[in-house]
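Structural features, examined
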Amino acid sequence: MMPEVMPCLVPKLASAAEYFFKMGVEGKRFRPTVLLHMASALNMPIPWSATDNLFGSLSGDLRTRQQRIAEITEMIHVASLLHDDVLDDADTRRGIGSLNIVMGNKLSVLAGDFLLSRACIALSSLGNTEVVSLMATAVEHLVNGETMQMTTSAEKRCSMEYYLQKTFYKTASLISNSCKCVAILAGQTAEVSMLAYNYGQNLGLAYQLIDDVLDFTGTSSSLGKGSLSDIRHGIVTAPILFAIEEYPQLRKIVDRGLKEPADIDIALDYLEKSQGIKKTKELAAVHADHAIKAIDAFPESDNENVHISRRALVDLTHRVLTRTK
Ligand code: FPP
Ligand code: FPP
Ligand code: MG
Ligand code: MG
């Protein structure tokens, strides 16, 4: 998935950065799959005035340029995972030892920076400033989201609005902005580009809500990572927020910081007797529905391949809701 990598002057850096691009540890490749289907779903004749012909002819054909967005998105994603595992002091990722454990925190941070810089170079080669701006915004949002999660007041920690904003930054912004970039490269109108963005945004929110459910209901082996990790780190997610709405007395426990194992057990007891998991799944379903509506609103096409990819995007949305890992 890494684009033909330019030679790196520091071999250790290159081998660290390539760690999660090797066969078998490439992850679900959820984002590139979405983006390549988005490219096909919007593959329709566009009035000449709206196309990107000049840049298109200068920097490769449309499909290649959209594929570049998929590669760049995955590089940004993996860069954020490398940094995330340092921040979270994680020991496994994608079922193997995380890079921070294998090569240390310092090299992990630098490998993430290296991937990010390679993503910037690939991005600039597309020669489209709007696309550069959208992807740079997504990177800023990743940092915002992570920081919002790390440094919150007791008040904000229990606010659903704050949680959803943080979730948008941390999870949905990268896929929504990259979907929009695919549409822009295809020369689609602002309206269609916004539908692509809305699809990504709602898919991302649904995905993270289910991820937050799986953190409570999944097992280490099925997730490829430890479960209950959010609550053990004092991170309050949607299931607990819904449980607090039902049992306000849980708020007091959460406000104590969830530092004591006994408090975590109490919170889990409340969660179990509450509708927290069910309500989180319902909210994910609402966002999945918005995502599907965005695809349904795409301009009509009689091209069978366009329809196949639109159906795939809808199927993916369903699968986000039913996944168990
Ligand atoms: C996983 O979260 C991590 C993220 C969604 C993004 C992390 C972002 C940063 C560390 C900011 C730096 C960004 C870049 C581009 C270098 P998680 O810990 O909830 O999920 P996990 O269970 O998969 O670890
Ligand atoms: C690891 O990504 C987990 C995170 C970065 C947390 C937030 C992101 C998501 C839940 C994915 C949202 C993406 C879309 C397209 C809706 P991952 O679970 O994708 O891990 P992987 O790359 O190792 O498969
Ligand atoms: Mg983590
Ligand atoms: Mg984290």
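Structure: see above.
Structural notes, computed from the coordinates. (Residues numbered from 1 in each chain as written. Chains lettered and ligands numbered in written order. Predicted model: local features only at pLDDT ≥ 70, side-chain atom pairs only at ≥ 80, totals over all residues. Heavy atoms only, no water.)

Examining the layout of surface pockets
When its volume is computed, the second largest pocket comes out at roughly 390 Å³. Taken together, 19 residues line the second largest pocket, and the ones lying closest to its centre are Gln149, Met150, His233, Gly234 and Ile235. Those elements that provide at least two residues to the lining of the second largest pocket are α7 (129-150), α8 (154-157) and α9 (160-185). A per-element tally of the lining of the second largest pocket places α7 first, with four residues. (1 Å grid on protein atoms, 1.4 Å probe; cavity = no way out; pocket = protein on both sides within 12 Å on 5 of 7 lines; lining within 4 Å. Points joined across faces, edges and corners; volume = space filled by probe spheres on them. Helix = DSSP H or I, 4+ residues; strand = E, 2+ residues; numbered from the N terminus.)

Some details on the site of ligand 2
The local shell around ligand 2 holds 14 residues, among which Lys28, Arg31, His77, Arg94 and Tyr207 are the closest. Side-chain polar atom of His77 to an oxygen atom of ligand 2: 2.7 Å apart, as the coordinates give it. Arg94 is positioned such that a nitrogen or oxygen atom in its side chain is 2.7 Å from an oxygen atom of ligand 2. Tallying contributions element by element places helix α10 (residues 190-217) first for the shell around ligand 2, with four residues. (Near = heavy atom within 4 Å. Polar contact = N/O pair within 3.5 Å; in protein donor to acceptor, adjacent residues only side chain to side chain.)

Description of helix α16 (residues 276-296)
Between its terminal C-alpha atoms α16 stretches 30 Å, which fits the 30 Å expected from 21 residues at 1.5 Å a residue. Here α16 has its buried residues at Gly276, Ile277, Thr280, Leu283, Ala284, His287, Ala288, Ala291, Ile292, Ala294 and Ile295. Where α16 is buried, its residues meet α2 (30-41), α9, α10, α13 (238-246), α15 (261-273) and α17 (304-322). (Expected span 1.5 Å × (residues − 1). Buried < 20%, exposed > 50% of the residue type's maximum accessible area, 1.4 Å probe, protein only. Contact = heavy atoms within 4.5 Å.)

Thoughts on the coordination of the magnesium ion (ligand 4)
All of the protein donors around the magnesium ion (ligand 4) are Asp84 (OD) and Asp88 (OD); their distances to the metal are 2.1 to 2.3 Å. Separating the magnesium ion (ligand 4) and the magnesium ion (ligand 3) is a distance of 3.2 Å, and Asp84 donates to both of them. Overall, Asp88 belongs to the partly exposed group, its relative accessible area being 28%. (Donors = N, O, S within 2.8 Å, 3.2 Å for Na, K, Ca; no water.)

Take it as geometry only, folks, not as evidence of what the structure does.
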